[in-house]
Amino acid sequence: MQYWLMKSEPDEVSIDDVMASPNRTTAWFGVRNYQARNFMRDAMRDGDGVLFYHSSCAQPGIAGLARIVGQPYPDASQFDPASHYFDPKATPEQPRWISIDVQGTHKTRLLPLAELRSIPELADMVLLQKGSRLSITPVTPDQWRYIEALLTGAA
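Figured I'd write up the structure that's included with this text. Computed from a predicted model, the values in this text were never measured in an experiment. All residue numbers refer to position in the chain's written sequence, counted from 1. It should be noted that, the model being predicted, local features are given only for residues of pLDDT at least 70 and side-chain atom pairs only at 80 or more, the latter also being counted only at that level, while totals for whole chains, interfaces and linings use all residues. As a rule here, side-chain values cover all heavy atoms of the structure and leave hydrogens and water aside.

## What to know about the sheet that holds strand S6 (residues 136–139)
Alright, step 1. Read from one edge of the open sheet, six strands run S2-S5-S4-S3-S1-S6, paired in mixed fashion. The sheet is open, and its two borders are formed by strand S2 (25–28) and S6, each paired with just one other strand. With strand direction ignored, the average angle separating the axes of adjacent strands in the sheet is 35 degrees.
Alright, step 2. Here a strand pair is declared whenever DSSP counts at least two bridges between the two strands. Helix numbering and strand numbering both begin at the N terminus, where a helix is a DSSP run of H or I of at least 4 residues and a strand a DSSP run of E of at least 2. Relative to strand S4 (residues 61–74), strand S3 (residues 49–54) is paired through six bridges, and the arrangement is antiparallel. If you follow Gly49 over to S4, its bridge partner there is Arg67.
Alright, step 3. Contacts are assigned to residue pairs that have any heavy atoms within 4.5 Å of one another. Axis definition: a line fitted to C-alpha atoms, limited for helices to the stretch in contact. Angles are taken between N-to-C directions and run from 0 to 180 degrees. Contacting strand S1 (3–8), S3, S4, strand S5 (98–112) and S6, helix H4 (residues 141–152) crosses the sheet at an angle of about 130 degrees to S4.

Written out as structure tokens, the structure is:
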């Protein structure tokens, strides 16, 4: 099992939106960075843990816990000319971009970025590294356990 931090702008898809979706599951779409796409395509597996992170908002931070469900599949938005995520170079025969389904497991208190930065045990977290801007980053098992305990009150 692997662990991931996945960023979403809450005005596009928030943890509340995920928790209100059928089966608390939504497609993760619109990723247009090759490294993040490769994580989704090559490394994410059914059951992997996800830290659901609200970004590009007044108070960025981890807003919930989720898990990957199913396998990656072509992102339909790349084929839609009306979509903000349309890619004219993508074809159904040669898709360039990937979606994967994410299922919310817990909406938690917001764990703000500033608080994450103040925790010595998380100093090596990819999210906290200077210049880190990827929308999907790996999380170590120790980082996952520490954050999960903070958010579920087991710490």
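Next comes the rest of the account.
## Concerning the pattern of salt bridges
Note on pairing: side chains with opposite charge can pair once their charged atoms come close.
Alright, step 1. When a carboxyl oxygen of Asp or Glu is within 4 Å of a side-chain nitrogen of Lys or Arg, the pair counts as a salt bridge. A complete count under the given rule lists six salt bridges for this structure.
Alright, step 2. We note a salt bridge from Asp16 to Lys107, for which the minimum N-O separation is 2.8 Å. Of this pair, Asp16 sits in helix H1 (residues 15–20) while Lys107 sits in strand S5, and the two are 91 residues apart along the sequence.
Alright, step 3. Residue Arg96 pairs with Asp87 through a salt bridge whose shortest N-O separation is 3.3 Å.
Alright, step 4. Only protein chains enter the accessibility calculation, which uses a 1.4 Å probe. A residue is then buried if its area is under 20% of the maximum for its type, exposed if over 50%, and partly exposed in between. Residue Arg96 is classed as partly exposed on the basis of its relative accessible area of 21%.

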